[in-house]
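Each chain is listed here by its residues.
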Amino acid sequence: MVIKMQQMDIFSQIEENKIVQKSKLHTYLDSLVDKYKNPSFITNDPIRFPHRYTDIKDQEIIGFVAAMMAQGRRTKIVESIEKIEVLMDKKPYEYIMNFDYEVEKERFKDFSHFAYRNILGSEIVCVFHLLKQVLIKYGSLKKLFLEGLNPKTQKNVKEALIHFTDTIFNQMPPPDVTIDGKIKALLPSPERGSACKRLNMMLRWFVRKDDVDLGIWSEVPASMVLIPLDFHVSKLSRELGLTSRKQDDWKTAEEITEKLKEFDPIDPTKYDFAIFGIGISGDVIELPD
């Protein structure tokens, strides 16, 4: 009986320590959110582009483009989006609605953005050609996304993102183009296991509402959005004990987000500011004792 009581005391102490550590990690992450989630974050981040516009239709389109191009070094990303914005005459929605593929493929022929591979202007104008058809049919990207979303039956945005990307790529391609893997890589789908970092980042921008994020898709519950997962976020998440998975895939993004819901079940992706902020600032993680 004494041994059993001692075992119970040990287990009880272990559980108490876990609760204390969880509370300390919660406090630590909240402090990092407060540190990084402020208007200065916008200055060097691709989210600066939708903030330049007041019309929601323009914010949607340039936000979509900025997220699609957010590959590689941040300075290069911003530089490339600036070039696209100029080619759009700084009228994103009007540009797509009046898009002429034959004209624009010539204007974009010298454009390229180097990330993990060279993203060519010919690939971007193909997506724009598909996007025009989506806007003609739906009127907005939000209406397309909401068509695939059911908060009552879906735990997160996975099915809605699959519907979103499938619908875009199921539009009629330009006459001289085959929609291949290079083009689809611009808008990956969770159906194939991708973490969909850039699309989840776009959703964070559009769904959350504060001094940084826009909140223009308020119909989407913030609790359904996943953390935008890349190599750096996954690495730091493992150091923080938010996941033990080794792959940077959709399941890992789900696992990290579910862990963050223990701290904020309504708005877990606010912690993207904390984890991503550590990465871009070069700050050292100060794990609670």
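The rules behind these values
- Residues numbered from 1 in each chain as written.
- Predicted model: local features only at pLDDT ≥ 70, side-chain atom pairs only at ≥ 80, totals over all residues.
- Heavy atoms only, no water.
- Helix = DSSP H or I, 4+ residues; strand = E, 2+ residues; numbered from the N terminus.
- Buried < 20%, exposed > 50% of the residue type's maximum accessible area, 1.4 Å probe, protein only.
- Lys, Arg positive; Asp, Glu negative; His and termini not counted.
- Salt bridge = Lys/Arg side-chain N within 4 Å of Asp/Glu carboxyl O.
- Polar contact = N/O pair within 3.5 Å; in protein donor to acceptor, adjacent residues only side chain to side chain.
- Contact = heavy atoms within 4.5 Å.
- 1 Å grid on protein atoms, 1.4 Å probe; cavity = no way out; pocket = protein on both sides within 12 Å on 5 of 7 lines; lining within 4 Å.
- Points joined across faces, edges and corners; volume = space filled by probe spheres on them.
- Axes fitted to C-alpha atoms, helices over the stretch in contact; angles between N-to-C directions.
- Parallel < 35°, antiparallel > 145°, perpendicular 65-115°, else oblique.
- Nonpolar A, V, L, I, M, F, W, Y, C, P; charged D, E, K, R; others polar.

Peer 1: I'd love a proper account of the side chain of D58, names of residues and values included.
Peer 2: Mapped onto the fold, D58 is located in helix α2 (residues 56-68). K57 provides the closest opposite charge to the buried, unpaired D58, separated from it by 9.2 Å. Among the polar contacts listed, one links the side chain of D58 to the backbone nitrogen of Y93, at a separation of 3.1 Å. The residues touching D58, leaving out its near neighbours within four places in the chain, are Y53, K91, P92, Y93 and E94.

Peer 1: Residue-level account of the layout of surface pockets, with values.
Peer 2: The calculated volume of the largest pocket comes to roughly 620 Å³. Elements supplying a minimum of two residues to the lining of the largest pocket: α3 (74-87), α10 (197-207), α11 (231-239) and α13 (272-281).

Peer 1: Any chance you could break down the packing of helix α8 (residues 158-169) against α10 for me, citing the residues and the numbers?
Peer 2: Two numbers describe how α8 lies on α10: the axes approach to 12 Å, and their chain directions differ by 110 degrees. In terms of orientation, α8 lies roughly perpendicular with respect to α10. Facing α8, whose interface residues are L161, F164 and T165, α10 presents L199, N200, M202 and L203. For the contact of α8 with α10, a count of residues per class yields 5 nonpolar, 2 polar and no charged.

Peer 1: So what's going on with unusual backbone geometry? Residues and values would help.
Peer 2: For K90, which is not a glycine, the phi torsion comes out positive at approximately 55 degrees. Of note in the backbone geometry, C196 takes a positive phi value of approximately 50 degrees without being a glycine. Among the secondary structure elements, C196 is positioned in the loop between α9 (181-184) and α10. The class of C196 is buried, set by a relative accessible area of 1%.

Peer 1: I'd love a proper account of empty space enclosed by the protein, names of residues and values included.
Peer 2: Applying the stated criterion to the full structure yields 2 cavities of 30 Å³ or more. Taken as a whole, the largest cavity holds about 50 Å³ of empty space. What lines the largest cavity is A67, M68, L186, L187, P188, C196, K197, R198 and L199. Residue contributions to the lining of the largest cavity peak at 3 residues, all from α10. What lines the second largest cavity is K155, N156, L226, E254, T257, E258 and K261. Per-class residue counts for the lining of the second largest cavity are 1 nonpolar, 2 polar and 4 charged.

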